[in-house]
Every structure is written in C-alpha cells, then in structure tokens.
Amino acid sequence: MKKESVMKKLSLLGIIFILAFVYLTFFTGESATGSSSSSSRKERLRVATTTSLYDTGLWDYLEPIFEKKFNVELDVIYAGTGIALEYGKRGDVDALAIHDRVREDEFIKQGYGINRRCFACNYFIIVGPKIDPAGIKDISPVAAFKKLIQEGEKNPDKVKFISRGDDSGTHAREKKIWEKAGYEYDTVQKSGPWYIEAGKGMGPTLLMANEIGAYTLVDTGTFLAYKGNLRLIPLVRKGKELLNVYAVMAVNPEKYPHVNIKMANNLINFLISDEGQKLIGEFGVERYGTQLFIPCGRGKCKKVGCPTWKECAKPVR
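Residues numbered from 1 in each chain as written. Predicted model: local features only at pLDDT ≥ 70, side-chain atom pairs only at ≥ 80, totals over all residues. Heavy atoms only, no water.

Colleague: Sorry if this is basic, but what is going on with the layout of surface pockets here?
Modeller: Take a probe with the size of a water molecule and roll it over the atoms, and the empty space left behind shows itself. Roughly 440 Å³ of internal volume is contained in the largest pocket. As for the largest pocket, its lining consists of 22 residues, and the residues nearest its centre are Arg101, Arg173, Lys176, Lys240 and Leu243. Counting residues per element, the ones that place at least two in the lining of the largest pocket are α5 (101–109), β4 (113–128), α7 (169–180) and β9 (243–251). The element that contributes the greatest number of residues to the lining of the largest pocket is α7, accounting for six residues. The residue inventory of the lining of the largest pocket, partitioned by class, reads nine nonpolar, four polar and nine charged. (1 Å grid on protein atoms, 1.4 Å probe; cavity = no way out; pocket = protein on both sides within 12 Å on 5 of 7 lines; lining within 4 Å. Points joined across faces, edges and corners; volume = space filled by probe spheres on them. Helix = DSSP H or I, 4+ residues; strand = E, 2+ residues; numbered from the N terminus. Nonpolar A, V, L, I, M, F, W, Y, C, P; charged D, E, K, R; others polar.)

Structure, rendered in structure tokens:
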C-alpha cells in the first residue's frame, strides 16, 4: 500500500474520532471514555403554583435565591389551584404552593401530599368601578354578593361580574361566598349575561374586569401588582370570608418514588425559615409601599385561625 494512501486513511480516522468525541461530550453529556458528566448537573425541582403567586412576581423574586442556595433548577408551573392539584395527583411535580384548604386537606387524605405548611397569607377583596352601580361599597362580602346578583339581573348592561371560572383557589372562594349568600352556584352561572366566567388566571381576569368596568374577586397581592394599570377600586375589604392563606406541600414519594422529596422539603423549609419569611414580608414593599403577602410560617398562621398551626410551626425533617 502506498504511503499517501495510508496517511489519508489515518487522517480520516482522526477526523471521525474527533467528531465522535464532540458528539459524546456535548450532545450526550458523556466523555469519549464513557464516563458521565451528570454529577455536575444541577438537580431539578418542579413546583405547581397558583397564578396569584406567579402574577404578583413572588416566584420571580424567590426563585434565584432558592436556586443559588440549594444549587438547583426550579421549574415553576403556574395554573389554577385545581389544575395544580391534578399535576400533583399525576406525579408531574414534586411540590405544590396553593390556597384552598379544603382541597389541600383532601389531597393529603387521599395520600398524594405530605408535609403541608402555611407560609404566607393576604386577603381577597371585591373590586369594581368607582361609580359602584350595584352599591356594594363597605358592606360584608355575603351582602355584596346578594346585591351583585340582584342588581346584575335587573341591570345587566350596568352591573357585571367577572368570575375566574377556572377551578382555582379564588374561584373556590367565590363559590363559598355564593353558598353563604344562599345561592347554588349553578343558579348563579345561569342567572344572566351580567355574570361572566373568564376561564383565566387572576391577572388576565382582573384586566378583563377593568376593560368592561365589571366587579371581580381578587387577592390583594395581585391587585396591588396590577393597580397602576387599573381604573377599578377596592369596594369590599372586610369579612372573615376574605382571608386567603397560602400553603406549600410535597408530593408523596410513597405514591410516586421519582419525586425529588429532598429538594421539595428544602423548598418547604426555605419558605418557612426566618430568611424565607423575611423575603416574603419584604416583597413588594419598596415598589408598592405595602406588603403583598403577610408571612405566616413557623406557626404564625395561628393568628389567622389555622387549625393546624402547631404542625405548621415545625420544619420538615
């Protein structure tokens, strides 16, 4: 064989080897010797959260701090509480941060969730146009809903209510207030064109209500975050029905062994830690002049009537 032919073959083999090395290293994460570089990769934590926590910007604020502290990639999936719970029931996420105590307790009772802890709270308010055509200003939430349906049925062109209509925690709270006002929710849904179901998150629902001059139920955090773009004003602020408590919990690894329970528990402990509670309490103050969320971890939820505050006072171990 000629020397030139041998050299060409050796050069070709060298090029093939280099290309194979590049492919293995950069596309499969393995070196040419077959050793994996996965040990240098960050862990991932998947969290399903309610839209009000996301729309306010709280997760954008907390995420980089948590990621740096625990060397993890945090994937935050925002949806209504109902959808977030479904993600948990399917094992699609490692943890949930939501605000519907009844469904949270049911989720745990069914064996899907563990280590529930309160970490923040704020209040719902009923907002509407400044002229207040239904006349609900400063009355109780239950009385306000009674007036809204009465005036809405009589004057649907002037009185409108935008519901989340998305099985979220806010939507669940709205249903509870309708029930206390003496109305079946099916009856409310069919009561006329004054009642509109948006089927959207809190931010978009609030903007929709603002656009048509309607009333809606919103948490104070989201309202403050959007306030600069709104003509709507708070009309009903007081009433025990308006307390809004947020809790975090892990998905049960006995149900789904692939769940990153260690990192889920790190998140829970971070949110209820002195550091996490301080961050939550400070969030939004500089920009909005007031807290968007009130810290209530480590048993401070006793002040807002949490029946399991003693459990909430304990960090996860």
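Read on for the rest.
Colleague: Sorry, what's going on with a positive patch on the surface here?
Modeller: A grouping of Arg298, Lys300, Lys303 and Arg317 is seen on the molecular surface, where their side chains present a positively charged patch. Checked against the element boundaries, arginine 317 lands in the segment after α14 (309–312). On the basis of relative accessible area, arginine 317 is assigned to the exposed category, the value being 86%. (Patch = residues over 30% accessible without salt bridge, like charges linked within 9 Å, V, L, I, M, F, W, Y side chains within 5 Å. Areas by Shrake-Rupley, 256 points an atom, 1.4 Å probe, with all protein chains shown as cover. Salt bridge = Lys/Arg side-chain N within 4 Å of Asp/Glu carboxyl O. Lys, Arg positive; Asp, Glu negative; His and termini not counted. Charge placed at Lys NZ, Arg CZ, Asp CG, Glu CD. Buried < 20%, exposed > 50% of the residue type's maximum accessible area, 1.4 Å probe, protein only.)

Colleague: Explain the pairing of strand β1 (residues 43–50) to me, please; I cannot follow it from the model alone.
Modeller: Strand residues, when the strand is regular, have side chains that alternate between the two faces of the sheet. Where β1 lies against strand β2 (residues 72–79), eight bridges are found, and the strand directions are parallel. Residue pairing across strands places valine 47 opposite valine 76, the latter belonging to β2. (Pairing = 2+ DSSP bridges.)

Colleague: Which parts of the structure should I look at to understand the nonpolar core?
Modeller: One recurring pattern in soluble globular proteins is that nonpolar side chains are buried together. Leu45, Trp59, Phe119, Leu267, Leu271 and Phe293 are the most contacted members of the largest nonpolar core, which has 45 residues in total. With seven residues, the top contributor of residues to this core is helix α11 (residues 261–272). Excluding its chain neighbours within four sequence positions, the residues that come into contact with leucine 267 are Leu45, Val47, Trp59, Phe66, Ala95 and Val248. With 23 residues, the next largest nonpolar core counts Ile126, Val142, Val159 and Leu242 among its residues. (Core = buried A, V, L, I, M, F, W, Y, C linked by side-chain atoms within 4.5 Å. Contact = heavy atoms within 4.5 Å.)

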